[in-house]
Amino acid sequence: MITMHAAAQNSIGIFENQFTIGDARQGSAVYDAQEQEYTIEGSGNNIWFNHDGFQYVCRQLNGDFILRCNASFIGKGVEEHRKLGWMIRASLDSTSACASVAVHGDGLTSLQYRKENNDSMMEVKAKLTGAEVIQLERRGNTYIMSVARKGETFTEDSIQLELGDKVYAGLFVCSHNPTITEKAVFYNVRIVKPAPPTLVPYRQYLGSQLEIMNVETGKSRIIYQSPKSLQAPNWMKDGKYLLYNSEGLIYKFDLAANKPAVLNTGTVNKNNNDHVLSFDGKMLGLSSGSPSNIFTVPIEGGEPKPVTKTGPSYLHGWSTDGKTLVFTGQRNDDFNIYTIPANGGKEVQLTTAKGLDDGPEYSPDGKYIYFNSVRSGTMQLWRMHTDGSNQEQLTDDEFNNWFPHISPDGKWILFISFGKDVDPSDHPFYKHVYIRLMPVEGGKPKVLAAVYGGQGTMNTPNWSPDGKYIAFISNSDFLSPVYAGE
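Source: prediction; values computed, not measured.

Trainee: With reference to specific residues and values, describe the side chain of Ser208.
Mentor: Within the element layout of this structure, Ser208 appears in strand E18 (residues 207-214). Polar side-chain contacts of Ser208 include one of 2.8 Å to the backbone oxygen of Lys228. In this structure the side chain of Ser208 is engaged in a polar contact, spanning 2.9 Å, whose partner is the backbone nitrogen of Leu230. When sequence neighbours within four positions are dropped, the list of residues in contact with Ser208 reads Tyr224, Gln225, Ser226, Lys228, Ser229, Leu230, Ile473, Ser474, Asn475, Ser476 and Leu479.

As structure tokens, then:
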């Protein structure tokens, strides 16, 4: 029997509706469009045994998908087994088969599931307690719980479960006491429709979301989305615009108006995601063509000036005085790091290690070039003096780390991390990746965000001029009209 009460018949953010399930009091859900946060108040005796009671904010989905958010209760609460999290259900019946990631008031975090309607609930307890970042992924009939405390990497558990193709998916709050209500807040809420196994890289693309994250709080806002492939946002010097590439063109995105416009790059119209602004913000360097070569153009636009004569050449950085460009070039069947005068001239080779060296970028003080290299077996971060001397490794962990971007104050390295499932010399589209932060002198990296993206997420410098924000691209075939853009 369905024992639910419709709490409202209108959308709440990216969700289609909210419901009070089972024996719960009627609750509520509020979406703050400015902060892109959800506040949910719910009651309910429990989510356990063979029936459930809770407040549910959901939408129907089919196929594979990924649900992710940051979440926490508001206030001390009454019951230590109050619950919040993500839930996927076969139906809205209180006895429905389901899977959920549940974070309890006492910190217990578990993957709970009911195989059939009216079955007793089962669970797999996570290795950690007090999860603050929660993710539930459906991959066929595999349901994967990924949970972490803020700043840390995920731990994972999974189950096999048949819920049918079309399901309900959303956020829930249960008070563990039908006479009281509990309240929780959810932010960085994402529904991702990932790439299908049949997708052909560089020929087929998912939709893109342009996001801005507050580095201190870890809160991210989607400011624009498109069914096209958007890649590699740079922040302009005045802080009012972003640049990104899409389908060979460079776009200038007005942050106040939330609108993009094509930046004139003349006949150089096959631009890739290796484009970089000079430190003074007056010039833009482009990588374009096949094979890729490097060009420069005033930030106002115009016909770009060619710099390199040999490709492939991929630009990643300007010197602080604007006189020198640093790039990755393939010469003699190997990729190494080179410099060249910004007006063109003789190339100078800085690295000679076999294997891929990539992502070179000058530090704001002009003393170092930071880069990533596969020379140690996995892709790790390195730095060297600007003449190529004193090459030293900065990271050494289980991830493949790419594209070090130095904060404007010179204190932090921002980079993207791919998992062990990715070839160290590859940085493909459409993977689970982390955006991480570490001190320039080394130390344990901190996770700023878990993102579905990869290639094009943050290939080039993406800090705001004041160092308080970063811009990046995430990918999904789920695009909601809630967000600005197409």
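Trainee: Before we move on, could you go through the pattern of salt bridges and cite the residues and values that matter?
Mentor: Counted by the stated rule, this structure contains 16 salt bridges. The shortest N-O distance in the salt bridge between Glu137 and Arg139 comes to 3.1 Å. Residue Arg139 is classed as partly exposed on the basis of its relative accessible area, which comes to 45%. The partner of Glu441 in a salt bridge is Arg383, with the nearest N and O atoms 3.0 Å apart. Taken as a pair, Glu441 in the loop between strand E38 (431-439) and strand E39 (446-453) and Arg383 in strand E34 (residues 380-385) lie far apart in primary sequence, 58 residues in all.

Trainee: How would you explain the pairing of strand E26 (residues 293-298) if you had to name every residue and give the values?
Mentor: For E26, a buried count of 5 out of 6 residues is recorded, marking the element as mostly surrounded by other parts of the structure. In this sheet, E26 lies alongside strand E25 (residues 283-288) in antiparallel orientation, the contact comprising 6 bridges. When the bridges of E26 are listed, Ser287 appears paired with Ile294. As defined by bridge partners, E26 adjoins strand E27 (residues 305-306) across 2 bridges and the pair is classed as antiparallel. Bridge pairing in E27 places Phe295 opposite Pro306. Between E26 and E27, which pair antiparallel one after the other, the connecting turn spans 6 residues, and Gly301 there sits at a positive phi close to 100°.

Trainee: Kindly report on the sheet that holds strand E37 (residues 412-418), identifying the contributing residues and their values.
Mentor: Strand order in the open sheet formed by 4 strands is E36-E37-E38-E39, with antiparallel pairing between adjacent strands. For this open sheet the edge positions go to strand E36 (400-406) and E39, each flanked by a neighbour on one side alone. Each adjacent strand pair in this sheet contributes to an overall mean axis angle of 25°, direction not counted. Pairing of E37 with E38, which is carried by 6 bridges, proceeds in the antiparallel orientation. Paired with Phe415 across the strands is Arg436, a residue of E38.

Trainee: Account for the state of the cysteines, with residues named and values stated.
Mentor: Following the criterion strictly, the structure yields 0 disulfides and no others. Sulfur of Cys98: no disulfide; nearest cysteine sulfur belongs to Cys174 and is 12 Å away. A relative accessible area of 0% places Cys98 in the buried class.

Trainee: Mind laying out the packing of aromatic side chains, listing which residues take part and the relevant values?
Mentor: Aromatic ring pairs are defined here through the distance separating the ring centres and the angle between the ring planes. In the structure shown here, the tally under the stated rule is 16 aromatic pairs. Here the aromatic rings of Phe15 and Tyr38 are separated by 5.3 Å at their centres, their planes lie at 70°, and the arrangement is edge-to-face. Linking Phe15 in the loop between strand E1 (4-8) and strand E2 (17-21) with Tyr38 in strand E4 (residues 37-42), this pair joins segments that are 23 residues apart in sequence. Ring centres of Tyr31 and Tyr38 lie 4.7 Å apart, and the angle between their planes is 40°; on these two criteria the pair is classed as tilted. Ring pairing ties together the aromatic residues Phe15, Tyr31, Tyr38 and Trp86, which thus form one cluster. Between Arg82 and the ring centre of Phe73, over which it is positioned, the NZ or CZ distance is 4.1 Å.

About the thresholds
Residues numbered from 1 in each chain as written. Predicted model: local features only at pLDDT ≥ 70, side-chain atom pairs only at ≥ 80, totals over all residues. Heavy atoms only, no water. Helix = DSSP H or I, 4+ residues; strand = E, 2+ residues; numbered from the N terminus. Polar contact = N/O pair within 3.5 Å; in protein donor to acceptor, adjacent residues only side chain to side chain. Contact = heavy atoms within 4.5 Å. Salt bridge = Lys/Arg side-chain N within 4 Å of Asp/Glu carboxyl O. Buried < 20%, exposed > 50% of the residue type's maximum accessible area, 1.4 Å probe, protein only. Pairing = 2+ DSSP bridges. Axes fitted to C-alpha atoms, helices over the stretch in contact; angles between N-to-C directions. Disulfide = S-S within 2.5 Å. Phe/Tyr/Trp six-rings, centres within 6.5 Å; stacked < 30°, edge-to-face > 60°. Lys NZ or Arg CZ within 6 Å of the ring centre and 35° of its normal.

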